[in-house]
Amino acid sequence: MPALRSASLRPAVDVLRGSLIGVVEVIPGVSGGTVALIVGVYSTLIASASHVVRGTLALTDVLRGRGAARSGEHFRAVTWRVVVPVVIGMVVAVIAGARILAPLVAENPVETRAVFAGLIAASLLVPIGMVGRAWSWRLVLVTALAAAASFVLSGLPAGQVTDPPLVLVAGAAAIAICALVFPGVSGSFLLLVFGLYETTLAAVNDRNLPYLLAFAVGAIVGLGSFVGLLRMLLDTHPAITLAVATGLMAGSLRALWPWQDPSGSALPPGDDLWGVIALTAIGAAVVLGLVAMQHRLTDGRSPR
């Protein structure tokens, strides 16, 4: 009976997981890939995305008169029972987040950055634990280098492009979408660096179809180009790939330092220090709760 109850709840849980990924994707500095790793759907999403891309490419066999057998094999390998509810949750959360959460971040930047800093800091335990006994001084060095690169990237000044050409939109989307499938890199932050963050939020809220179509095309191209490489790295060099992810996540904490001036430069702590510490602890507690939930749902197995 407990197993049956768990199976019946899984679609709803996967929608919730997708919602969490979608919500953080609209927040600069927070990686949707990181949250996917935390809630235990990262491996499943990467494997399924790889099969979707390869299955789509294999459709050219139909034009060559070879049939659709190879394409069908890839599509059947997709874990649709997980992917569909996760994607539904993500889409709904991105639309809602663009309208609700983004203004909240703008009005309460110190408090929201504190919560997300706690989330990311605690989530470092996930890839560290997945590497497990494979940790060595070489992997620690790789992690440190990745952290340094992420630290520098997160300190880049943000711009703003009010009326970008659609080619630029597609190109930015192709790069930013890679952050969705790799923990530690924020797609929203990359859009902020490109000067397209506010413009993209406005396009979502205003249902700007030409802009959104260009963004979707770029995202599909970027995802198709990157996901296969990432899947190969996770299959052949999992420890070093996760070490890089750990470093990127650690370095990205720079973007989530609660006290910043309008240009993003760090400021000393303010009078609200203890309140910020409390909010950071709450963010960390949320992650630990999600990890515990995932551990219970999978009976202690590694994240999916």
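Here the structure is shown first, and the text comes after it.
The structure displayed is predicted, hence computed values, not measured ones.

Conventions used here
Residues numbered from 1 in each chain as written. Predicted model: local features only at pLDDT ≥ 70, side-chain atom pairs only at ≥ 80, totals over all residues. Heavy atoms only, no water. Helix = DSSP H or I, 4+ residues; strand = E, 2+ residues; numbered from the N terminus. Buried < 20%, exposed > 50% of the residue type's maximum accessible area, 1.4 Å probe, protein only. Contact = heavy atoms within 4.5 Å. Areas by Shrake-Rupley, 256 points an atom, 1.4 Å probe, with all protein chains shown as cover. Arc of directions from axis to C-beta. Polar contact = N/O pair within 3.5 Å; in protein donor to acceptor, adjacent residues only side chain to side chain. Axes fitted to C-alpha atoms, helices over the stretch in contact; angles between N-to-C directions. Left-handed = near helix turned anticlockwise from the far one by under 90°. Nonpolar A, V, L, I, M, F, W, Y, C, P; charged D, E, K, R; others polar. Core = buried A, V, L, I, M, F, W, Y, C linked by side-chain atoms within 4.5 Å. Phe/Tyr/Trp six-rings, centres within 6.5 Å; stacked < 30°, edge-to-face > 60°. Lys NZ or Arg CZ within 6 Å of the ring centre and 35° of its normal.

If you tally the helices and strands in the protein chain, you get 16 helices and zero strands. Residues classed as buried in the protein chain amount to 44% of the 304 residues present. For the protein chain, long-range pairs separated by at least 24 residues make up 79% of all intrachain contacts whose partners lie at least 6 apart in sequence. Of the roughly 15,300 Å² that the protein chain leaves accessible, carbon and sulfur atoms contribute 72%.

Our next topic: helix 5 (residues 69-77). Every buried residue belonging to helix 5 is among Ser71, Gly72 and His74, and all of these are buried. Looking straight down helix 5, one finds its buried side chains confined to an arc of 160°; they lie on one side. More than 90 degrees from the buried face of helix 5, the exposed residues found are Ala69, Glu73 and Arg76. In this fold, the buried residues of helix 5 make contact with helix 3 (42-57).

A word on the side chain of Thr112. Mapped onto the fold, Thr112 is located in helix 7 (residues 109-123). Here Pro109 takes part through its backbone oxygen, which lies 3.2 Å from a polar atom of the side chain of Thr112.

Now for the packing of helix 13 (residues 197-206) against helix 14 (residues 209-236). Viewed as axis vectors pointing N to C, helix 13 and helix 14 meet at an angle of 120°, and their least axial separation amounts to 9 Å. Viewed along their axes, helix 13 and helix 14 form a crossing whose handedness is left-handed. Contacts between helix 13 and helix 14 pair Thr199, Thr200, Ala203 and Val204 from the former with Tyr211, Leu212 and Phe215 from the latter. When the residues that make up the contact of helix 13 with helix 14 are grouped by side-chain class, the tally is five nonpolar, two polar and no charged.

It is worth spelling out the nonpolar core at this point. Judged by nonpolar contacts, the single largest core of 51 residues is most densely connected at Ile21, Val41 and Tyr42. Setting aside its immediate chain neighbours within four residues, Ile21 contacts Gly32, Val35, Ala36, Val41, Leu45, Val86, Met90 and Leu180.

Counted according to the given criterion, the structure contains one aromatic pair. Ring geometry for Trp257 versus Trp259: centroids 5.3 Å apart, planes at 65°, classification edge-to-face. If you follow Arg254 out to its NZ or CZ, it ends over the ring of Phe151, 4.3 Å from the centre.

As a further point, take unusual backbone geometry. Across residues other than glycine, the phi torsion is negative in most instances, and most of the peptide bonds are trans. Located in the positive-phi region is Arg207, a residue other than glycine, with phi close to 55°. Structurally, Arg207 can be placed in the loop between helix 13 and helix 14.

This next bit is on the environment of Ala170. Along the polypeptide, Ala170 turns up in helix 10 (residues 166-176). Not counting residues up to four positions away in its chain, the partners in contact with Ala170 are Ala214 and Gly218.

None of this, on its own, says anything about what the molecule does.
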